[in-house]
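# Chains, contacts and geometry: an overview
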Amino acid sequence: MKAVIMAGGSGTRLRPLTSHLPKPMVPVANKPMAEHIVSLLRKHSIKDIIFTLFYLPQAIEDYFGDGSDFGVNIRYSREHGKPLGTAGCVKAVSDELDQTFLVISGDCLTDIDLQKAIAFHKEKKSKATIVLKRVENPLEYGVVITDNDSRIQRFVEKPGPSEIFSDTVNTGIYILEPEVMLYVILGKEQDFSNDLFPLLMLRNEPIYGYVADGYWCDIGNLQVYRQAHQDVLEQKVEVEIDGKETEPGSRIWIGESTQIDPQVKIEAPSLIGKHCRIGRSAHIEANTTIGDNVVIQEKASLKQPVVWSNNFIGSEVSLRACIVANNTTIHRSAEILEGAVVGAHTSIGQEAFIAPEVKIWPNKSVDAGARVTSSLVWGTRAPRTLFAARGVVGLSNIEITPEFAVSLAAAYGATIQGGTVLVGRDHWGVSRMISRAIVSGLLSVGVEVQNLEAMPLPLARFYVKTQRAKGLIHTRVSQRDANKIAIEFFDSQGISVTKAMERKIEGTYFKNDFARSQPNDIGIITYPSRVREYYIDEYLNHIKGQEFEKDKVSFCVVPGSTYTRMTKEGVMTNQSPKVVIDYAMAETGVILPELLGRIGIESVVLNASIKDVPPRQDERIAMRKQLADVVKALNADLGVQIGRNGEQMTLVDETGQIIRGELLLAVISDIVLRDKPGRSIVVPVNASSIIERIAKRHNCKVVRCKASETEIGSTTAKLPEAALGGSANGCFIFPEFQNGYDALFATGQVLEHLTYQGRTLHQACEELPPLIYQVDSVHCPWERKGRLMRLLVEKHHDRPMELLDGVKIQTRPEHWILILPDPVEPLVHVYADGTDLQHTSADLNEYTQLIRYLQQN
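Residues numbered from 1 in each chain as written. Predicted model: local features only at pLDDT ≥ 70, side-chain atom pairs only at ≥ 80, totals over all residues. Heavy atoms only, no water.

### Regarding the overall build of the protein
Along the protein, the regular secondary structure elements total 20 helices and 59 strands. Here the C-alpha atoms of the protein give a radius of gyration of 31 Å, agreeing with the 29 Å that 2.2 N^0.38 yields for 857 residues. The dimensions of the protein, computed from C-alpha atoms along their principal axes, are 100 × 65 × 50 Å. The burial tally for the protein puts 58% of its 857 residues in the buried class. For the protein, the share of sequence-separated contacts (at least 6 apart) that also reach a separation of at least 24 residues comes to 59%. Accessible surface computed for the protein: about 33800 Å², of which carbon and sulfur atoms make up 46%. For the protein, the separation between the mean place of its 94 positive charges and that of its 104 negative charges on side chains is 1 Å. (Helix = DSSP H or I, 4+ residues; strand = E, 2+ residues; numbered from the N terminus. Rg over C-alpha atoms; globule rule 2.2 N^0.38 Å. Buried < 20%, exposed > 50% of the residue type's maximum accessible area, 1.4 Å probe, protein only. Contact = heavy atoms within 4.5 Å. Areas by Shrake-Rupley, 256 points an atom, 1.4 Å probe, with all protein chains shown as cover. Lys, Arg positive; Asp, Glu negative; His and termini not counted. Charge placed at Lys NZ, Arg CZ, Asp CG, Glu CD.)

### Notes on the packing of aromatic side chains
Two numbers describe a pair of aromatic rings. These are the distance of the centres and the angle of the planes. Enumeration according to the criterion identifies 23 aromatic pairs in this entry. For the pair phenylalanine 64 and phenylalanine 70, a centre-to-centre distance of 5.0 Å together with 50 degrees between the ring planes defines the contact as tilted. For the pair phenylalanine 64 and phenylalanine 70, a shared accessibility class is recorded, and that class is buried. Their ring planes at 55 degrees and their centres at 5.1 Å tell us that tyrosine 412 and phenylalanine 489 sit as a pair that is tilted. Of this pair, tyrosine 412 sits in helix H7 (residues 402-416) while phenylalanine 489 is found in strand E40 (residues 484-490), placing the two residues 77 residues apart along the sequence. Summarising the burial analysis for this pair, tyrosine 412 and phenylalanine 489 share the class buried. One aromatic cluster in this structure is built from Phe462, Tyr535, Tyr539, Phe734, Phe737 and Phe745. Sitting over the ring of phenylalanine 353, arginine 371 keeps its end group 4.2 Å from the ring centre. (Phe/Tyr/Trp six-rings, centres within 6.5 Å; stacked < 30°, edge-to-face > 60°. Lys NZ or Arg CZ within 6 Å of the ring centre and 35° of its normal.)

### Describing the pattern of salt bridges
The full count for this structure, using the stated rule, is 38 salt bridges. Here glutamate 240 makes a salt bridge to lysine 31, at a shortest N to O gap of 3.6 Å. Of the two residues, glutamate 240 is situated in the loop between helix H6 (222-233) and strand E14 (244-245) and lysine 31 in strand E3 (residues 31-32); the sequence distance between them amounts to 209 residues. The class of glutamate 240 is partly exposed, set by a relative accessible area of 42%. The partner of arginine 75 in a salt bridge is aspartate 48, with the nearest N and O atoms 3.0 Å apart. Placement of the pair is arginine 75 in strand E5 (residues 73-78) and aspartate 48 in strand E4 (residues 48-53), with a sequence separation of 27 residues. (Salt bridge = Lys/Arg side-chain N within 4 Å of Asp/Glu carboxyl O.)

### Quick look at the sheet that holds strand E58 (residues 815-821)
In space, the five strands of this open sheet follow the order E55-E59-E58-E57-E56, with antiparallel pairing throughout. Strand pairing shows two members of the sheet lacking a second neighbour, strand E55 (772-779) and strand E56 (801-802), which therefore form its edges. Sheet topology note: the E56/strand E57 (residues 807-812) ladder contains two bridges and is antiparallel. Each residue of the ladder has a partner; that of methionine 801, found in E57, is isoleucine 809. Strands E55, E57, E58 and strand E59 (827-834) of the sheet are contacted by helix H20 (residues 837-856), whose axis makes an angle of about 15 degrees with E55. (Pairing = 2+ DSSP bridges. Axes fitted to C-alpha atoms, helices over the stretch in contact; angles between N-to-C directions.)

### Considering the side chain of aspartate 111
Mapping aspartate 111 onto the fold places it in the loop between strand E7 (108-110) and helix H4 (114-123). The buried charged residue aspartate 111 lacks any salt bridge partner; its closest oppositely charged side chain belongs to lysine 43, at an N-O distance of 6.8 Å. In this structure aspartate 111 touches Leu40, Gly214, Tyr215, Lys236, Val237 and Glu238, once residues within four positions along its chain are discounted.

### A short note on the pairing of strand E37 (residues 420-425)
Counting buried positions along E37 gives six out of six residues, so the element sits mostly inside the fold. Side chains of E37 alternate between two faces, with Thr420, Leu422 and Gly424 and Val421, Val423 and Arg425 buried alike. Pairing between E37 and strand E38 (residues 448-454): six bridges, direction parallel. Note on E38: the bridge partner recorded for threonine 420 is glutamate 448. Each parallel crossover has a hand, and for E37 linked through helix H8 (residues 429-444) to E38 it is right-handed. As paired elements, E37 and strand E39 (residues 471-477) share five bridges and run parallel to each other. Looking at E39, one finds that valine 421 is bridged to glycine 471. (Right-handed = clockwise from strand over helix to strand, strands pointing away.)

### Digging into the packing of H7 against H8
Remark: H7 packs on H8, axes separated minimally by 7 Å, with the N-to-C direction vectors making an angle of 40 degrees. Between H7 and H8, the angle is such that the two are oblique. Crossing of H7 against H8: the hand is right-handed. Across from Pro402, Ala405, Val406, Ala409, Ala410, Tyr412 and Gly413 in H7, the residues of H8 making contact are Met433, Ile434, Ala437, Ile438, Gly441, Leu442 and Ser444. (Parallel < 35°, antiparallel > 145°, perpendicular 65-115°, else oblique. Left-handed = near helix turned anticlockwise from the far one by under 90°.)

### Overview of the nonpolar core
Most often, soluble globular proteins have nonpolar side chains that are buried together. Counting residues in hydrophobic clusters, the biggest one holds 66 residues, and the most contacted among them are Tyr535, Tyr539, Leu592, Leu651, Val667 and Ile668. In terms of residues, this core owes the most to one element, helix H14 (residues 661-673), which gives eight residues. When neighbours within four sequence positions are excluded, leucine 592 is seen to be in contact with Tyr539, Ile581, Tyr583, Val640, Ile642, Leu744 and Thr747. Listed in part, the 62 residues of the second largest apolar core include Leu17, Val28, Ala212 and Ala228. (Core = buried A, V, L, I, M, F, W, Y, C linked by side-chain atoms within 4.5 Å.)

### Overview of the confidence of the model for the protein
Scored by pLDDT, the protein has a mean of 89; 94% of the residues are at 70 or more. Note that pLDDT drops below 50 for residues 378-384; the model gives that stretch 29 contacts with residues more than four away or on any other chain. In the model, residues 547-564 has pLDDT below 50 throughout and makes 57 contacts with residues more than four positions away in sequence or in other chains. (pLDDT = per-residue confidence, 0-100.)

### Overview of H7
Taking 1.5 Å per residue, 15 residues should reach 21 Å; H7 reaches 21 Å between its end C-alpha atoms and fits that length. Across the 15 residues that make up H7, a large majority, eleven, are buried. Every buried residue belonging to H7 is among Phe404, Ala405, Ser407, Leu408, Ala409, Ala410, Ala411, Tyr412, Gly413, Thr415 and Ile416, and all of these are buried. At the C-terminal side of H7, glutamine 417 shows a positive phi close to 60 degrees. (Expected span 1.5 Å × (residues − 1).)

### Some remarks on the side chain of aspartate 426
Counting through the fold element by element, aspartate 426 comes out in the loop between E37 and H8. Despite its burial, aspartate 426 pairs with no opposite charge, the nearest such side chain being arginine 425 at 5.8 Å. In this structure the side chain of aspartate 426 is engaged in a polar contact, spanning 3.3 Å, whose partner is the backbone nitrogen of tryptophan 428. Within the structure, the side chain of aspartate 426 is placed 2.8 Å from the backbone nitrogen of valine 477, a separation counted as a polar contact. (Polar contact = N/O pair within 3.5 Å; in protein donor to acceptor, adjacent residues only side chain to side chain.)

### Things to note about unusual backbone geometry
For the bond from arginine 15 to proline 16, the omega torsion is 10 degrees, close enough to zero to count as cis. Counting through the fold element by element, proline 16 comes out in the loop between strand E1 (2-6) and strand E2 (27-28). Going from alanine 268 to proline 269, the amide bond is cis rather than trans, its omega being -5 degrees. The residue serine 150 is not glycine, and still its phi comes out positive at about 70 degrees. As for its placement among the helices and strands, serine 150 is situated in the loop between strand E9 (143-146) and strand E10 (152-156).

See below:
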């Protein structure tokens, strides 16, 4: 049997280690990752090997040669120009694959029994077998679901937190029949998981999953890289370790010709390479790996570092769970702390201090006594991912600092490759600081900036469409937690960027090596002056041109203070609604009263002044109650509280009833769809089924999407027949105006439709179908989420089930339960919906108890 080792990856998340080295050549336990794979193949009698190469191919070819030194036969295939993807690079060598063959990644660490997997493949007469492994946290992998016969039913490549249907993941090890490569187009970029395997399933080809025992680790980031060394030393994985144990079972391996002073203290497990010299009173603590040709002087202290070959470590140096690449000099009394990485050919001066998580790029020099608290060059840290459920979110001036914002903006600018970007923010001082850093980062890579300064987000999203700009970056303080700040990215149409774009930005950011512009090419800043005017004009134009499709009757808007409308019954009315608007001391650009005034609606404004700090949640609740009292006292038609920089709304009807959550989504849906028969509404998977009952009343269609605001926006934008998109968080999209959340426009639409219908907001609520919907949350550690979701799927395989987002199970006719992992917190949310309160409550209690039980057993 032949094997193909995919070794083309550049390993951006292992930078700076891979700045000069392809990822498969990064050492684990003093051997390149790819050598461990070659040894595994040889162990299982697979000796005919093809390497597919792209990034720095010569390094791999020079090391392995023809394979004879490693007991195998090796040939190479180079990709030129652009990478072809996992399937595309194998297609390039398909002429040499005339019988069953194995594909494996060159940058994983594993001791899986390949012969058992091959036997399984032959027994099932499979065309393609994916080797699977159960892991604690499947977020970074392709999640796979199989049936009772191990035939693959579904998989999701690198799922979001709410898409975790199982803890069984794709290892990137495949056993394939040659004919499956006929489905791959030569020279085209294609992947196994994203392209070939879905196509095989569509063609009903037999594709199976083999759940392997043994150890497997995808070394995808620096933290996992360090953990892999610890696993080797603790013998959790069977790999060949060069060196002899000091005595049988000691778990201290020392290479040949290494000299160690008798006063050196070495704790197990540890690995010391060949030709090393370790001086008097040095201390080598457990889980330390030292490469070949390393000099360690007296009284040095090494605690769990990974030290590559050909390094000099001076006296009294302290290394703590860090990584030191090859050909590096660390002078006396220097200190390098947890998570730090020192690139190759670097000099660390005497008594220098390298803070945790700092990355030093290759060929750098750190002066004596310097305290390095941010990376050289670029970046302050290297998290697993940057983007949360909506944008990049973190603690203000701790996790989201000006330095971080500069790098992030520069990464975005490099990703879009120039052009014009709009930059906006809310009113708060910390947003101003971060926004200015973002502007600097964009300018540094040659991007032109239109600085909107403090601007309601709906206006900024609307304006970006008029400017032929590449996108919009908006900064705002979190409404949930005033200590956090969010940086959000939107495309040229004002829609949140896609997950694919987020990953591109992350990839550019993690590389930390994008070029800065020459002084003559630095971007320029402009300050647009008519943003509000553009928005107001289109807002009024849209209202003036509004048609209700049921009767094709247009509004008649007379400038000034009159408010003339034709009701559904064909009666002209000069009724002037009165609205109370609460800005909750947190919103910029108090523009809504002006908009409503231009169409003759009287408004009263509360809490329009802005506090020095964002209001707390309890303060917002108190202001909401105040709003209800004022609406009743003034006999107003309704009240609205505007939140989240103009995107979010809470309504109050004329009786003082506060309308939020599922009730708000239901009543807005009914108000709009009543006048839009035959249209569609987009809601998330966790919205109540009252939406279907409302839509049925008005001959409308419900389109459900994943439970994220980004998905609601992108799905609504793709549906030309969509009249509305929204969720229970109080954010609504009217795509005929713009594909972004807009509480200002939503308020106008509610007033227009209610007046046309001749109803009050309270009457609209009273006419809704019954709303029976309950929610609970259960604590669930991240490492248990994947297993929990798999067990739920397996337990309910005989019931109607949806896996659009989370696991949605029909418990009885017209009743369902949705179990949805939280994307940010260690929680699982449980939603119960139905037509009977007693049954719905019983379902919620049953499944919250089941989730607790499955976690404990």
